[in-house]
Amino acid sequence: MSLISFKLEKRIPPPWWFRMLMPIMAVIISLAISSIFLLALRKNPFTAFYYLFYGGLGTKFAFLEMLVKATPLILTGIAVSIAFLAKYWNIGAEGQLYAGALLATWAGIQNFNLPPVFYVLLVIIAGFVGGGVWSFIPAYLKAKFKVDDVVTTLLMNYIMIYFVSAILTGPWRNPVSMWPESVNIAENARFMQLIPRSRVHIGFLIAVAIVFVVYFIVKKTKLGFEIRTTGANPKAANFLGINTLKSIIIASVLSGGVAGLAGVSEVAGVHYHLIHNLSPGYGYSGIVIAMLGGLNPFGVLFAALYFSVIITGAQMMSRSVGIPPYIADVIQGITLIVMLAMLLLFEYKISIRRGK
Amino acid sequence: MEKIVEMQNIRKTFLHTVANNDIDFDIYKGEVVTLLGENGAGKTTLMKILYGMYSMDSGEIYVKGKKVDIESPKDAISLGIGMVHQHFTLVKSFTVTENVILGLPPSKGIEIDLESAKKDLISLSKKYGLEVNPDAKIWQLSVGEKQRVEIIKALYRNIDVLILDEPTAVLTPQEAENLFDTLRLLIKEGKSIVFISHKLREVMEISDRIVILRNGSLAGEKNKKDTTKKELARLMVGREVLEIVEKEEIPKKGEPLLVVQNLHALNDKGIEALRGISFEVRSEEILGIAGVSGNGQRELENVLCGVRENTDGRIVFKGKEITGKKPKEIINLGIGRVPEDRMEEGLILDLPVFENLVIESYDKKPLSSGILINYSSVKDFAERTVKEYDIKTPSIYTITRTLSGGNLQKVILARMLSRNPEFIIASQPIRGLDVGAAEYIHTKLLSARANGVGILLISEDLDEVLMLSDRILVMYEGEVMGILDREDITIEKLGLMMTGARIGGLHEPN
C-alpha cells in the first residue's frame, strides 16, 4: 500500500525570454491537443487549421472583421489582467461589460445636444463609470469583509445580464420594432468608422491606446508598483506599508472600467443600440487572454488578436471542413488549461512523495 | 565498539544543490554522536534518508552489518531507528497515550488495549525521567512536554537508535538539562543517540563523538575529549570565527525613545497573547527580549510594527502616542523594522532586488515625483546600496527569491538603515543565518546603537541576546518576568525566568 502525495514549492522563476516563449508553446500544444478532436471527427487537422487561420487572416475582409472582434477582447483581456496583477480574481468582466454598455446606452439615447467628439467622450466616460461602479461593489466587500472575490464577481455577472434583459424587455423595449432592444443611440454618440466600407471603428484605436496607458500605469507609476506588490504578496506588502486594501479597490475599479469600455465599444461602434446578447462571452474570454498574455499589456494585445483570429476563422473552418464552429470554444478552453498547466510547472516545483 | 548503523557514500541532490555529497556516517552502540553543521549543511537530510523520509540518489546503508533498503519511516522503525523531528508529528486532539500507540497494530485482536499501553508508557516515562501525563491531550501540553511525548513514542517502539533533530531549539536551558539527563540514561542502556545541532555549548556537553558537515560534505570527525569549541566552529564554517562582536560600552543612556505601557493583544486564535507588557527603550540602548518561542514575542513585534491591533495599553514614541498607527505611519516616524518572518513579511520575494530595496521609500523624493516613480534614481539608489551593504546578487534586477538567506537579511537591513531610523525593532535577526552573515548583522546593529539609535532586539537565541543587549526583558506567557541589567544576568537566572519565575530588579515604568 503506498499513498502518493504531491507538494508544490515555488521555484526560481524562468528567465524573461522563456516566459515570452511560454504562450507560443501553449498555443502550439493546445492546437495539437485540439487536433485529437478533429481526428476523432475523421477530419484532417492541417486542413482544418488552414481554414481556421485563413478565415481569420487570409482575406482583407477577414482581417478587418478580425480587428472588429479583437476590440472587445483586448479591452476585457486588459481589464482582467489589471485585477489579476493585484491577485484580485475578477471573473466579472462579462457583467462589467454589460454595466458599461447599459450606462453608455443611457447616455447615448438621451440625444444630448453635443458635438460628436464630446458626445463620444461622454459615452466613453459613462461606460467606464458603469463598469467601474459594478466592479467596486465586490471589491469593497472583499476589502472590508473578506468576501470571496471569485464568487461575488462571478455571480454579479448574472445579476447584470438579467437586469439588462429585464430593462430591454421592459422600459427600454424598442417601441417601433417591439424587439427587446434599445432604440439607437444619437448619431453624434457613435464611434467613427476607421476604415471605409468595413465595420472597423475607432474603438480599436482606443483599445490599443488603453494597452499603452495600462502598461505605463503598471510599470512607471506608484499606483502600478502598489498594485504589483499587493499581488505579489499581500501580507508582506501590508507589513511594508503598502495600503493593500486601497490597491485592490483601485485595481478592481480600473479593471471594471476597462471592461465597461468593451461594452461601450460594442454599443457605440458596432450595434448602435443595446441588445441582450451583446457579448458572446467576451468577459470570460478576457480571462483566457489575460493569462495567455502573461498579465502583460502587450502580451494581452497579441493574445487578444490570436483569439480573435480563431473566433473569426471558426465560421470558415466550420463551413469548409464540415465541423461545428464550437471548435473555437474548445480551442480557447484547451489553451487556458495548457497555459495554466505551464505556469504551474514553471513556477512551482512539484515533488511527488510516496508515503508509507 | 559495535557499529549499529553504517551509512556509506550517501548522495542526495535537490534540483541543483547537493545536499549530501558522498557522506560516510557510522553510529556505534551506546554513544551520543552529534551531527554538527550550519543550517543547510545537510544534517537533517542525511538523517531523513536514514529514517526513510527521503530516498538517496546513491549510497548504501547497513544496519547491524546487514545491507538494508529503507523506503519509509515504517521500515526504519522496524530496524530500530526512531527520529524526533523539529516539527512534531502528533495529533493535537488525541491524548498522549493515543498518540504513542498510533499506527501500531492492536495488541488484543482488533481491540486497542489503552490501559496496558498506558501502564507501559508510565513505566517508560518514570525510567527515563520523561515526565508527562498520559491522559493529557496534546494541545494542552507545552513544547517541552510534546517533545517528551515524541521521545516516548520512539522508545515505545523499542528502537536502538534515536535521532533528535535540533531538540534544544524549543527548550529552556533547564528543560535542555533534563533532556540531556534522559539521553545519558539511554546510552547507559546501550541505545545510541544521534544529536543534530549547531549550538557548540550543548554539543560539547552531551556528545561522545562529533561529525561535522559543511555544505553537504564531511568536514571532519572529532572525539569530544580531543577537541575544543573553537576548533569545532572553525570546522563548521570553514574559517576562524570571531566569537564576540566588540561592543562599545555606553555608560550614560539617552532619553526614553519608546515607551510601552500595559500592552495587551490577542494572537491569531483569539487568545490573549500579551498580558500587560510594559517597558521602555532609550536611545543608544539595546533592550533584548528573551523567552522561549511562543510566549508573545511574535505578537509584540506585530503590534509594534503596526500589523496587529492591541486590545489595551499604549505605545509612545518620542513623547507622542503611536498606538494603533498603520505600518506606513510607523515607517515614516523613523522606526526601522526587521521582521521575524523575513520571507513572508520582510520581502516580496518575486520582485527584483531593486524594488525590494525601495519598497518603504518609493513614495519619497527623489525616488518619485507626483504619481510617477523615478526609476533611474531608484536604480542608482539600489546600485549604491547593494555596494555599500555588500549584498551578493548577480544584479539589482535579480529576482529576490534567488538570494541566500544572509543576503535576504542584508536587503532588509540595507533598506532599513538607508532611511536612518531613530529606532529599530529587530526580531530574530540572525535566525538561520551563517556565522559570517550573523556577525555582519550584529556589527551593523551595534554601530546603529553607537549612533544613538534605540534598539528592541527580540530573539530566542540566548547567546545573541546576552552578547548584544544592555538590558534584558524576559517574557513568559505574555507577561514580563523581569527586566535585568546585563551585569546582573546569569544563564541560570534567565532560565528560571523563561519558565515563569519572577525575579526582582524590575525596571518597569509605570
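Treat the numbers as computed from the prediction; the structure is a model and nothing was measured. (Residues numbered from 1 in each chain as written. Chains lettered and ligands numbered in written order. Predicted model: local features only at pLDDT ≥ 70, side-chain atom pairs only at ≥ 80, totals over all residues. Heavy atoms only, no water.)

### Brief notes about the overall build of chain B
Scanning chain B from N- to C-terminus turns up 17 helices and 22 strands. Taken over the C-alpha trace, chain B has a radius of gyration of 25 Å; the compact-globule value for 510 residues is 24 Å, and the two agree within 12%. Projected onto the principal axes, the alpha-carbon positions of chain B cover approximately 75 × 50 × 45 Å. Residues classed as buried in chain B amount to 54% of the 510 residues present. Look at the contacts in chain B between residues 6 or more apart in sequence, and 66% of them connect residues 24 or more apart. (Helix = DSSP H or I, 4+ residues; strand = E, 2+ residues; numbered from the N terminus. Rg over C-alpha atoms; globule rule 2.2 N^0.38 Å. Buried < 20%, exposed > 50% of the residue type's maximum accessible area, 1.4 Å probe, protein only. Contact = heavy atoms within 4.5 Å.)

### Some details on the overall build of chain A
When helices and strands are tallied, chain A shows 13 helices and two strands. Taken over C-alpha atoms, the radius of gyration comes to 21 Å for chain A, in line with the 21 Å a tight globule of 356 residues would show. Taken along its principal axes, the extent of the C-alpha atoms in chain A is 75 × 60 × 40 Å. Scored against the burial criterion, the 356 residues of chain A give a buried share of 52%. In chain A, of all internal contacts separated by at least 6 residues, the share reaching a separation of at least 24 is 75%.

### Digging into the sheet that holds strand β22 (residues 479-485) of chain B
Residue and element names in this part refer to chain B. In spatial order, the strands read β16-β19-β20-β13-β21-β22; together these six strands make up an open sheet with mixed pairing. The open sheet is flanked by β16 (335-338) and β22, the only strands paired with a single partner. Strand-to-strand twist of the sheet, defined as the mean angle between neighbouring strand axes without regard to direction, takes the value 15°. Two strands pair when backbone bridges link them, and strand β21 (residues 471-476) and β22 are joined in this way by six bridges, in the antiparallel orientation. In the sheet register, Ile472 faces β22, and the bridge partner there is Leu484. (Pairing = 2+ DSSP bridges. Axes fitted to C-alpha atoms, helices over the stretch in contact; angles between N-to-C directions.)

### What to know about the side chain of Asn407(B)
With respect to the helices, strands and loops of the structure, Asn407(B) is situated in helix α14 (residues 405-417). Every residue in contact with Asn407(B), bar those within four places of it in the chain, is listed here: Asp390(B), Ile391(B) and Lys392(B).

### Quick look at the confidence of the model for chain B
With 94% of its residues at a pLDDT of at least 70, chain B reaches an overall mean of 88. Counted against residues more than four places away or in other chains, residues 506-510 of chain B, with its pLDDT under 50, gives twelve contacts. (pLDDT = per-residue confidence, 0-100.)

### Here we look at the interface of chain A and chain B
Counting residues at the interface gives 26 residues for chain A and 37 residues for chain B. Interface area for chain A against chain B, summed over the two sides, is near 2,800 Å², with a carbon-plus-sulfur share of 65%. Looking at the side of chain A facing chain B, the largest losses of area belong to Lys222(A), Phe239(A) and Leu240(A), adding up to 28% of the total buried there. Connecting chain A to chain B are two salt bridges. For Arg228(A), the salt bridge goes to Glu355(B), with nearest N and O atoms at 3.0 Å. Linking chain A to chain B there are nine residue pairs in polar contact (both at pLDDT 80 or more). Mapped onto the side of chain A that touches chain B, the elements with two or more residues apiece are α7 (203-220), α8 (222-232), α9 (234-239) and β2 (348-354) of chain A. At six residues, α8(A) tops the list of elements feeding residues into the side of chain A that touches chain B. A breakdown of the residues in the side of chain A that touches chain B according to their chemical character gives ten nonpolar, five polar and eleven charged. (Buried area = accessible area lost by both parts, 1.4 Å probe. Salt bridge = Lys/Arg side-chain N within 4 Å of Asp/Glu carboxyl O. Polar contact = N/O pair within 3.5 Å; in protein donor to acceptor, adjacent residues only side chain to side chain. Nonpolar A, V, L, I, M, F, W, Y, C, P; charged D, E, K, R; others polar.)

### Observations regarding unusual backbone geometry
The omega torsion of the bond from Lys365(B) to Pro366(B) falls at 0°, within 30 degrees of zero and hence cis. In the Ramachandran plot, Arg42(A) falls in the positive-phi region, its phi being about 60° despite a non-glycine side chain. Here Arg42(A) shows up in the loop between α1 (16-40) and α2 (45-58). For Glu477(B), which is not glycine, the phi dihedral falls at a positive 45°. Tracing the backbone shows Glu477(B) in the loop between β21 and β22.

### Quick look at the domain arrangement of chain B
Quite often, the size of an interface is put as the accessible area lost when its parts meet. Residues and elements named next belong to chain B. The domain boundaries assigned to chain B delineate domain 1 (3-237), domain 2 (254-334 + 421-510) and domain 3 (340-415). Contact residues are listed per partner, giving 17 residues for domain 2 and 16 residues for domain 3. Surface buried jointly by domain 2 and domain 3 totals about 1,400 Å² across both partners, of which 49% is contributed by carbon and sulfur atoms. When the area that domain 2 buries against domain 3 is broken down by residue, the three leading residues are Arg298, Lys328 and Tyr440, summing to 33%. On inspection of domain 2 and its partner domain 3, the count reaches three salt bridges. Taking the shortest distance from any N to any O, the salt bridge between Arg431 and Glu340 comes out at 3.4 Å. Here domain 2 is connected to domain 3 by eight residue pairs in polar contact (both at pLDDT 80 or more). The set of elements that each furnish at least two residues to the side of domain 2 that touches domain 3 consists of α9 (297-305), α10 (327-332) and α15 (435-450). In terms of residue count, α15 provides more of the side of domain 2 that touches domain 3 than any other element does, four residues in total. Residues belonging to the side of domain 2 that touches domain 3 are distributed by class as follows: eight nonpolar, four polar and five charged. (Domains from an automatic or database assignment.)

### With respect to α8(A)
When you tally the buried positions in α8(A), you get nine out of eleven residues, the bulk of the element. For α8(A), the full list of buried residues reads Lys222(A), Gly224(A), Phe225(A), Glu226(A), Ile227(A), Arg228(A), Thr229(A), Thr230(A) and Gly231(A).

### Remarks on a nonpolar patch on the surface
Residues and elements named next belong to chain A. Residues Leu103, Trp106, Phe112, Leu121, Leu122, Ile125, Val129 and Val133 make up a contiguous nonpolar surface patch of about 680 Å² in total accessible area. Those elements giving two or more residues to the nonpolar patch turn out to be α4 (93-108) and α5 (116-145). Within the secondary structure layout, Val133 lies in helix α5. Owing to a relative accessible area of 49%, Val133 belongs among the partly exposed residues under this scheme. (Patch = residues over 30% accessible without salt bridge, like charges linked within 9 Å, V, L, I, M, F, W, Y side chains within 5 Å. Areas by Shrake-Rupley, 256 points an atom, 1.4 Å probe, with all protein chains shown as cover.)

### Regarding the packing of aromatic side chains
Residue and element names in this part refer to chain A. In total, this model carries 14 aromatic pairs over all chains according to the counting rule given. Ring geometry for Phe112 versus Tyr119: centroids 5.9 Å apart, planes at 45°, classification tilted. Taking the relative accessible area as the measure of exposure, Tyr119 reaches 0% and is therefore buried. For the pair Phe136 and Tyr140, a centre-to-centre distance of 5.7 Å together with 35° between the ring planes defines the contact as tilted. (Phe/Tyr/Trp six-rings, centres within 6.5 Å; stacked < 30°, edge-to-face > 60°.)

### Re the pairing of strand β10 (residues 217-223) of chain B
Residues and elements named next belong to chain B. Where strand β9 (residues 209-214) lies against β10, six bridges are found, and the strand directions are antiparallel. Among the inter-strand pairings, Val211 is bridged to a residue of β10, identified as Glu221. Two successive antiparallel strands, β9 and β10, enclose a turn made up of two residues, where Asn215 displays a positive phi of approximately 50°.

### Considering the sheet that holds strand β14 (residues 310-317) of chain B
Residue and element names in this part refer to chain B. Strand order across the open sheet formed by four strands is β12-β11-β14-β15, with antiparallel pairing between neighbours. Each edge of the open sheet is held by one strand with a lone partner, namely β12 (272-282) and β15 (320-321). The sheet contact formed by strand β11 (residues 256-266) and β12 spans eight bridges and is antiparallel. Note that in β12 the partner of Leu263 across the bridge is Ile277.

### Brief notes about the pattern of salt bridges
Residue and element names in this part refer to chain B. Enumeration over the complete set of coordinates arrives at 38 salt bridges over all chains. Linking Arg184 and Asp181 is a salt bridge whose minimum nitrogen-to-oxygen distance equals 3.1 Å. Of this pair, Arg184 and Asp181 both sit in helix α6 (residues 173-188), three residues apart, which is roughly one turn of that helix. The class for Arg184 is partly exposed, based on a relative accessible area of 32%. One connected set of salt bridges, linked through shared partners, spans Arg275, Glu477, Glu479 and Arg502.

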